[in-house]
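Residue strings, one per chain:
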Amino acid sequence: MELSEEEQKILNGYAGEANRKAMEILVALGTIYGADRLIPVTSVQVSGVSYDNLGEAGLEFLADMASGDAKAKVLTTLNPAGMDIENWRALGIDADFAKNQERVIEAYTKMGIIPTCSCTPYLFGNVPHYGEHISWGESSAVCFANSVLGARTNREGGPSALAAALTGKTPNYGFHLTENRRPGLSVQVRATISGTHGFGALGVAIGKVIEAQNTKCIPYIVGIPQASIEELKSFCASLATYGGLALFHLQGITPESLLFEAPQTSLVITQEDLENAANFLNDPGPVDEVDFVSLGCPHLSLQELARVADRLKGVKVKKPFWITTARPTKYIADQMGYTSIIEEAGAIFASDTCCVVAPIKGRFKAIATDSAKACYYAAAKNGFKTHFMPFDEVIAEALK
Amino acid sequence: MIFHGRKISPGVAEGEALVSAMGISFYGGIEPETGLIVEKGHDLLGQSIREKVLIFPTGKGSTVGSYTLYRLKKAGNAPAAIINAESETITAVGCIISDIPCVDHIPIENLKNGMRIRVVAETGIVEIL
């Protein structure tokens, strides 16, 4: 890989230890994956924020990186933390955890990274445009940026996204190159799909087939006439979780579907496939075992918060009901009066965090959610049973 | 027997081979406090990766996995080296920041549990001793 004089100097340590380490990570990746050079990026999303995931070792790594004067060179936002930064006590987070979580956030903010603490940076201000080279972590956001926005990013790990933030560069390989964005499989959807729940099930159905094929081919999906931003964010989260996918093309909806033809090899998804996918996420057992209800994986949009407020007006919830969203989105919800309606109904705002990364292992028996991604982590990481249902039914479940 | 692969992360190491036919997700799949593989249904479930030459086709799962490798290293539970058929970004970055030698493009079907393996990552060499 060819480095500029400036890049070589940074690699030799002239811009300090954190920048040297950042450059070392990028050069190593570029060398491994055959990049010809580093290219500038305009936007970064950093994952690896919850102290529950980082542990003390991860925190030390970040504190080391932040100890000099290295600063993010481009717009950089942060993934969800392990707690609501302001309201953590109401979520039952202990004080030691909170202190450590604050140290993580401090390390990032010292490096000039904006603590949005959200998996949906594209809903408020970190919105790359078509063809823009970016470096994002967070699998659901990577899939959204590549597919829906048509920006270009590899699936970055926490440290490599941080390295891109500090240097403003990323190695030129993988999804940065047009030839690697070509679809390898047509998916014909012969079913009616709607809502976050329906699109989540579609992500499971397609993701599991591609995962089983052991080749991460890019699907070109036809047969879906329309999809809202909320449905697409749900689909991206599900497809990334169950298929490890970072990019899809959706005919008539995503921009690069215009660049490519649908490939010959074809997979058909029927109504029955969708039902099977939904059933896969539903643990056997009565729904009345549900003792935890959560909406907001990925983080709720303003429109979804409006809908929750509408359904909760004048009623009381009877179970712990977490509303997970980004703080910027919540600020507008505050102004619109949604927040007070939701809180008066007894639901709890868990801003900055979500039920995937908060330290709630073993705290509940069974979760009700509309999110296919949340089901995966609720079961694998937190040991909960999962009940997967449409958005409005999740709210109804909280009222039972 | 000697195999020539590609350097992912530099270093020299020697240890007993622990071989999986499956992908590994470091985040969620391995407990950083113990080095034990905890993924349900994994062919190495319950085994420790500590000080082993860990051999598996490729990584999978969460983008936080690089930090899990770093936690394993700091807790003294990291593998001595990692050998992949094809290393992906998450494993590669985890090895680089944790100083774990890593080599890929090795025909891993030739490596069996319990073999004594030497890895010279700089030159991409994997040797069965």
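Residues numbered from 1 in each chain as written. Chains lettered and ligands numbered in written order. Predicted model: local features only at pLDDT ≥ 70, side-chain atom pairs only at ≥ 80, totals over all residues.

Secondary structure assignment for chain B yields 3 helices and 8 strands. Start at the N end of chain B and walk to the C end: the helices and strands fall as β-β-β-α-β-α-β-α-β-β-β. Compactness check: chain B gives a C-alpha radius of gyration of 13 Å against a globular reference of 14 Å for 129 residues, within 12% of the reference. Dimensions of chain B along its principal axes, counting C-alpha atoms only, are 35 × 25 × 25 Å. Within chain B, the fraction of its 129 residues that count as buried is 52%. Of the contacts formed within chain B by residues at least 6 apart in sequence, a portion of 72% connects residues at least 24 apart. (Helix = DSSP H or I, 4+ residues; strand = E, 2+ residues; numbered from the N terminus. Rg over C-alpha atoms; globule rule 2.2 N^0.38 Å. Buried ≥ 20, exposed ≤ 12 C-beta atoms within 10 Å, placed from the backbone. Contact = placed C-beta atoms within 7 Å.)

The partner chain A presents 25 residues to the 21 residues of chain B that form the contact. Of all the secondary structure elements, the ones that give two or more residues to the side of chain B that touches chain A are helix 1 (26-29), helix 2 (65-74) and helix 3 (89-98) of chain B. Of the residues that constitute the side of chain B that touches chain A, the class distribution is 12 nonpolar, 6 polar and 3 charged. (Nonpolar A, V, L, I, M, F, W, Y, C, P; charged D, E, K, R; others polar.)

The subject of this paragraph is the pairing of strand 3 (residues 12-19) of chain B. Residues and elements named next belong to chain B. Where strand 3 meets strand 7 (residues 116-120), 5 bridges bridge the pair, whose relative direction is antiparallel. Within strand 7, the residue paired with Val12 across the bridge is Val120. Relative to strand 4 (residues 53-56), strand 3 runs parallel, the two being bridged by 3 bridges. Pairing of Val19 across the sheet is with Ile55, part of strand 4. (Pairing = 2+ DSSP bridges.)

Here we take up the domain arrangement of chain A. All names here are of chain A. Taken domain by domain, chain A comprises domain 1 (5-178), domain 2 (182-280) and domain 3 (282-399). For domain 1 versus domain 3, the separation of C-alpha centres amounts to 27 Å. Between domain 1 and domain 3, the contact holds 22 residues from the first and 18 residues from the second. Of the residues that constitute the side of domain 1 that touches domain 3, the class distribution is 12 nonpolar, 8 polar and 2 charged. (Domains from an automatic or database assignment.)

Right, let's get into the packing of helix 7 (residues 195-213) of chain A against helix 9 (residues 271-281) of chain A. Residues and elements named next belong to chain A. Two numbers describe how helix 7 lies on helix 9: the axes approach to 8 Å, and their chain directions differ by 95°. By the angle between their directions, the pair helix 7 and helix 9 is classed as roughly perpendicular. On helix 9, the residues that touch Ala201, Leu202, Val204 and Ala205 of helix 7 are Asp273, Leu274, Ala277, Ala278, Phe280 and Leu281. Each residue belonging to the contact of helix 7 with helix 9 can be placed in one class, and the counts come to 9 nonpolar, no polar and 1 charged. (Axes fitted to C-alpha atoms, helices over the stretch in contact; angles between N-to-C directions. Parallel < 35°, antiparallel > 145°, perpendicular 65-115°, else oblique.)

What follows covers the environment of Asn282(A). Residues and elements named next belong to chain A. Note on placement: Asn282 falls in the loop between helix 9 and strand 10 (292-300). The class of Asn282 is partly exposed, set by 14 C-beta atoms lying within 10 Å. If near-sequence neighbours (up to four positions away) are discounted, Asn282 is found in contact with Thr386, His387 and Phe388.

Looking now at the nonpolar core. Ile323(A), Cys355(A), Val53(B) and Ile83(B) are the most contacted members of the largest nonpolar core, which totals 168 residues. With 9 residues, helix 2 (residues 17-32) of chain A is the largest single contributor of residues to this core. Here Ile323(A) is in contact with Leu295(A), Gly296(A), Leu300(A), Val308(A), Ile342(A), Ala347(A), Ile348(A), Phe349(A) and Ala350(A), once residues within four sequence places are set aside. (Core = buried A, V, L, I, M, F, W, Y, C linked by C-beta atoms within 7 Å.)

All right, on to the sheet that holds strand 4 (residues 135-136) of chain A then. Strand pairs in the sheet, formed through backbone hydrogen bonds, run parallel or antiparallel to each other. All names here are of chain A. Spatially, 3 strands are ordered 3-2-4 in an open sheet, and the strand pairing comes out parallel. Each edge of the open sheet carries a strand with a single partner, namely strand 3 (75-78) and strand 4. The pairing of strand 2 (residues 43-46) with strand 4 spans 2 bridges and is classified as parallel. Of the residues in strand 4, the one forming a bridge with Val44 is Ser135.

This part takes up the environment of Met22(B). Residues and elements named next belong to chain B. Structurally, Met22 is set in the loop between strand 3 and helix 1. Take Met22: there are 16 C-beta atoms within 10 Å of it, and that puts it in the partly exposed class. C-alpha separation for the pair Met22 and Thr58, spaced 36 residues apart in sequence, amounts to 7.8 Å. Excluding anything up to four places from it in sequence, Met22 contacts His42, Asp43 and Phe56.

All names here are of chain A. For the pair helix 5 (residues 139-149) and helix 8 (residues 229-243), interaxial distance at closest approach is 8 Å and the crossing angle is 120°. Of the two possible hands of crossing, helix 5 and helix 8 adopt the one that is right-handed. Of helix 8, the residues touching helix 5 (which contributes Ser139, Ser140, Val142, Cys143, Phe144, Ser147 and Val148) are Leu232, Lys233, Cys236, Ala237, Leu239, Ala240 and Thr241. The residue inventory of the contact of helix 5 with helix 8, partitioned by class, reads 9 nonpolar, 4 polar and 1 charged. (Left-handed = near helix turned anticlockwise from the far one by under 90°.)

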